[in-house]
Amino acid sequence: MSRFERTDIPIAVLTQILALAVIGRWLFVAIPNVQPSTALLILTALYFGFTSAAMLALFVPILSGLLLGLGPFVLFQFLGWLLVVLVVILLKPLLRHSRWLLAFVGLGAGFLFGWTANLSFAEVIGADFIKLLVLSLPFDVAHGIGNAVFLILLHDLFVRIFVREDG
């Protein structure tokens, strides 16, 4: 018999965040690597925990891939976002108290996600991973800065709309 972590998060909340992440990815497609999806996953991990954020980390690349294209990189996008979620979970007590640290983790998440996604290109096209890291640097910087900006802009709105305070 399997046991799954129970959550008090209504499925409607998670599907709304999922929709925002997928639509946000599509709306910002003209600006390479700048999109609110990573910030939304970070906020989901911070306020709703690992299971909720991991589900989003799985479904965001699959559903946005239906709009933007599917390929082997989707698995690596999931793994990259899952690593970001794990970092947020590990730093959760600190991140809840410091917006600047949260923004800094968002910056780092751009690199962590990008490096993980680069593994798919190294695997599929046989490119040298170190060369990919160098070539992707501007895109990883853009992703990281975009994450930091989205976290600063979306944090209070996310909490006000999605986070129910008990007591």
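Criteria and thresholds
Residues numbered from 1 in each chain as written. Predicted model: local features only at pLDDT ≥ 70, side-chain atom pairs only at ≥ 80, totals over all residues. Heavy atoms only, no water. Core = buried A, V, L, I, M, F, W, Y, C linked by side-chain atoms within 4.5 Å. Buried < 20%, exposed > 50% of the residue type's maximum accessible area, 1.4 Å probe, protein only. Helix = DSSP H or I, 4+ residues; strand = E, 2+ residues; numbered from the N terminus. Salt bridge = Lys/Arg side-chain N within 4 Å of Asp/Glu carboxyl O. Phe/Tyr/Trp six-rings, centres within 6.5 Å; stacked < 30°, edge-to-face > 60°. Expected span 1.5 Å × (residues − 1). Bend = angle between axes of the 7 residues up to and from the residue. Contact = heavy atoms within 4.5 Å. UniProt positions renumbered as here; feature names shortened; annotations may be inferred.

J.: Before we move on, can you summarise the nonpolar core with the specific residues and values?
T.: With 39 residues, the main nonpolar core has I17, I42, Y47, F48, V88, L102 and F158 as its most contacted residues. Of all the elements in the fold, those that place two or more residues in this core are helix 1 (11-27), helix 2 (37-48), helix 3 (50-68), helix 4 (73-95), helix 5 (99-125) and helix 6 (129-162). Among the elements that make up this core, the one with the highest residue count is helix 2 (nine residues).

J.: With reference to specific residues and values, describe the pattern of salt bridges.
T.: Within the structure shown, the criterion is met by one salt bridge. A salt bridge links R99 to D156; the nearest nitrogen and oxygen atoms lie 2.6 Å apart. Taken together, the residues span a long stretch of sequence, with R99 in helix 5 and D156 in helix 6 at a distance of 57 residues. Judged by relative accessible area, which is 41%, R99 ranks as partly exposed.

J.: Quick one: what's the story with the packing of aromatic side chains, residue by residue and with numbers?
T.: Taken as a whole and judged by the stated rule, the model has six aromatic pairs. A ring pair is formed by Y47 and F158, whose centres lie 6.3 Å apart and whose planes are at 35°; its orientation type is tilted. Highlighted residues: Y47 in helix 2 and F158 in helix 6, separated in sequence by 111 residues. Residue F158 is classed as buried on the basis of its relative accessible area of 3%. Seen in terms of ring centroids, W81 and F113 are 4.7 Å apart; in terms of plane orientation they differ by 35°. Their pairing is tilted. Taken together, the residues W81 in helix 4 and F113 in helix 5 connect sequence positions 32 residues apart. For the pair shown, W81 and F113 are each scored as buried. Here a set of aromatic residues connected by ring pairs shows up, and it is made of Y47, F48, F158 and F162.

J.: Run through unusual backbone geometry, naming residues and quoting values.
T.: Non-glycine residue N33 carries a positive phi angle of around 70°. With respect to the helices, strands and loops of the structure, N33 is situated in the loop between helix 1 and helix 2.

J.: Which residues make up helix 3, and what are the values?
T.: The terminal C-alpha atoms of helix 3 lie 26 Å apart, and with 19 residues this matches the ideal 27 Å at 1.5 Å per residue to within 8%. In the structure, helix 3 departs most strongly from a straight axis at F59, where the bend amounts to approximately 25° and where the proline P61 lies between one and four residues downstream. Of all the residues in helix 3, the buried ones are S52, A53, A54, L56, A57, V60, P61, S64 and G65. Residues of helix 3 that are buried sit in contact with helix 1, helix 2 and helix 4. Trailing helix 3 by a residue or two, G69 shows a phi angle of about 120°, which is positive.

J.: I'd like a rundown of helix 2, residues and numbers included.
T.: An ideal rise of 1.5 Å per residue puts 16 Å on 12 residues; helix 2 measures up with 16 Å between its terminal C-alpha atoms. Buried residues dominate helix 2, accounting for 12 of its 12 residues. Those residues of helix 2 that fall on the buried side of the exposure criterion are S37, T38, A39, L40, L41, I42, L43, T44, A45, L46, Y47 and F48. At the C-terminal side of helix 2, G49 shows a positive phi close to 95°.

J.: So what about the UniProt feature "transmembrane region" (unreviewed entry) in the chain? Which residues, and what values?
T.: The UniProt record marks residues 12-31, 38-60, 66-91, 100-121 and 141-163 with the feature "transmembrane region" (unreviewed entry), using the residue numbering of this structure. Annotated as 96% helix and 0% strand, the span residues 38-60 places its first and last C-alpha atoms 10 Å apart. Between the C-alpha atoms that bound residues 100-121 the distance is 32 Å, and the span itself is 100% helix and 0% strand.

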